[in-house]
Amino acid sequence: RTPMAGQKGKATEFAEEARKMAAKEDWRQAANLYRLALSFDPGNETLEELLEESVSLSASSRCLEFLEKARSAIALGRPEEAGELYQQAVAADPSNAEALFAQVKYLFASGREPSSFIEMAQKVTYLDRHNVEAWTFYGKLLASQGEKTKAKKALEHAVDLDEMADEAKEALKQLRWKLF
């Protein structure tokens, strides 16, 4: 057996173990095993794709775990703990709109200065373009910062998404009074 064949054999063994972990939805372990397989077969595009997918699913899975723990912390009356868990959820998967929105709402509820998280609120609307609550929240934040034109656009977008968005309609009504 040539050294190269031995390398490929090891890669195949690790890849098979990784597939077993993926079947069990143990994405972190699957990613580690795919990394090992790639170390024995560098440049294998299939392994690279499987690694990328496992890393992404691992991040998503960790994010959801942190979100679930944060919900429990809220239910148990421990908002500071929930805030830390929201932060960990966002760190695990920065593209998760639900986690980012939960963190933004926590920061607002805890009395933080809106200018410190308004960009995060905007990112939520990019990640989840159909989230009426996020657009309404973002519009109200903009209004609180004196960004009335941007606030109006965000709130109108919320109403465009859902004509029954009463909170957005009310915020628009209040905003119109402030414009004149």
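## So, unusual backbone geometry
- The backbone of glutamate 25 sits at a positive phi, close to 60°, despite the residue not being glycine.
- Position of glutamate 25 among the secondary structure elements: in the loop between helix 1 (3-23) and helix 2 (27-40).

## Re the pattern of salt bridges
- Applying the stated criterion across every chain yields a total of ten salt bridges.
- Glutamate 98 is the partner of arginine 71 in a salt bridge, and the nearest nitrogen-oxygen pair spans 2.2 Å. Note that arginine 71 is positioned in helix 3 (residues 45-75) and glutamate 98 in helix 5 (residues 97-109), a separation of 27 residues in sequence.
- Since its relative accessible area comes to 43%, glutamate 98 is described here as partly exposed.
- Between lysine 152 and glutamate 156 there is a salt bridge, and its shortest N-O distance comes to 2.8 Å. Residue lysine 152 and its partner glutamate 156 are both found in helix 8 (residues 148-161); the two are separated by four residues, about one turn of the helix.
- Lysine 152 sits in the partly exposed class, given a relative accessible area of 29%.
- By sharing partners, the salt bridges in this structure join Glu68, Arg71 and Glu98 into a single network.

## Regarding helix 5
- Taking 1.5 Å per residue as the helical rise, helix 5 with its 13 residues ought to reach 18 Å, and the 18 Å between its terminal C-alpha atoms agrees with that figure.
- Listing the buried residues of helix 5 in full gives Ala97, Ala99, Leu100, Phe101, Ala102, Gln103, Val104, Tyr106 and Leu107.
- In this structure, the buried side of helix 5 is in contact with helix 3, helix 4 (79-92), helix 6 (118-127) and helix 7 (132-144).
- The backbone nitrogen of glutamate 98 lies 3.0 Å from a side-chain oxygen of the residue at the head of helix 5, namely asparagine 96.
- Count one or two residues on from helix 5 and you reach glycine 111, which has phi positive near 85°.

## Quick word on the nonpolar core
- Of all hydrophobic cores here, the largest spans 38 residues; its most connected members are Leu67, Tyr86, Tyr138 and Leu141.
- Setting aside its immediate chain neighbours within four residues, tyrosine 86 contacts Leu67, Ala70, Ile74, Ala102, Gln103 and Tyr106.
- Within the second largest apolar cluster, 13 residues are counted, among which are Ala18, Ala30, Ala31 and Leu38.

## A closer look at the packing of helix 3 against helix 5
- Interaxial distance between helix 3 and helix 5 falls to 10 Å at its minimum, and their mutual angle equals 35°. As helix 3 runs across helix 5, the sense of the crossing is left-handed. Contact with helix 3, carried on its side by Cys63, Leu67 and Arg71, involves Glu98, Ala99 and Ala102 of helix 5 and no other residues of that element.
- In the contact of helix 3 with helix 5, the residues fall into four nonpolar, no polar and two charged.

## Description of the packing of helix 4 against helix 5
- Two numbers describe how helix 4 lies on helix 5: the axes approach to 9 Å, and their chain directions differ by 145°. With respect to the hand of their crossing, helix 4 and helix 5 are arranged in left-handed fashion. Of the residues in helix 5, those in contact with Pro79, Glu80, Gly83, Tyr86, Gln87, Ala89 and Val90 of helix 4 are Ala99, Leu100, Ala102, Gln103 and Tyr106.

## Here's the deal with the confidence of the model for the protein chain
- Put simply, the protein chain has an average pLDDT of 92, and 95% of its residues get 70 or more.
- Per-element averaging of pLDDT across the protein chain places helix 1 at the bottom with 85 and helix 6 at the top with 97.

## Things to note about the environment of isoleucine 118
- Its place among the elements puts isoleucine 118 in helix 6.
- A residue is classified by how much of its surface remains accessible, and isoleucine 118, at 16% relative accessible area, is buried.
- With 21 residues separating them in the primary sequence, isoleucine 118 and glycine 139 have C-alpha atoms 9.9 Å apart.
- Excluding anything up to four places from it in sequence, isoleucine 118 contacts Tyr138, Leu141, Leu142 and Gln145.

## Things to note about the side chain of threonine 125
- Along the polypeptide, threonine 125 turns up in helix 6.
- Here the side chain of threonine 125 touches glutamine 122 through a polar contact of 2.5 Å, landing on its backbone oxygen.
- With sequence-adjacent residues up to four places away left out, threonine 125 is seen in contact with Ala134, Trp135 and Tyr138.

Rules used in this analysis
Residues numbered from 1 in each chain as written. Predicted model: local features only at pLDDT ≥ 70, side-chain atom pairs only at ≥ 80, totals over all residues. Heavy atoms only, no water. Helix = DSSP H or I, 4+ residues; strand = E, 2+ residues; numbered from the N terminus. Salt bridge = Lys/Arg side-chain N within 4 Å of Asp/Glu carboxyl O. Buried < 20%, exposed > 50% of the residue type's maximum accessible area, 1.4 Å probe, protein only. Expected span 1.5 Å × (residues − 1). Contact = heavy atoms within 4.5 Å. Polar contact = N/O pair within 3.5 Å; in protein donor to acceptor, adjacent residues only side chain to side chain. Core = buried A, V, L, I, M, F, W, Y, C linked by side-chain atoms within 4.5 Å. Axes fitted to C-alpha atoms, helices over the stretch in contact; angles between N-to-C directions. Left-handed = near helix turned anticlockwise from the far one by under 90°. Nonpolar A, V, L, I, M, F, W, Y, C, P; charged D, E, K, R; others polar. pLDDT = per-residue confidence, 0-100.

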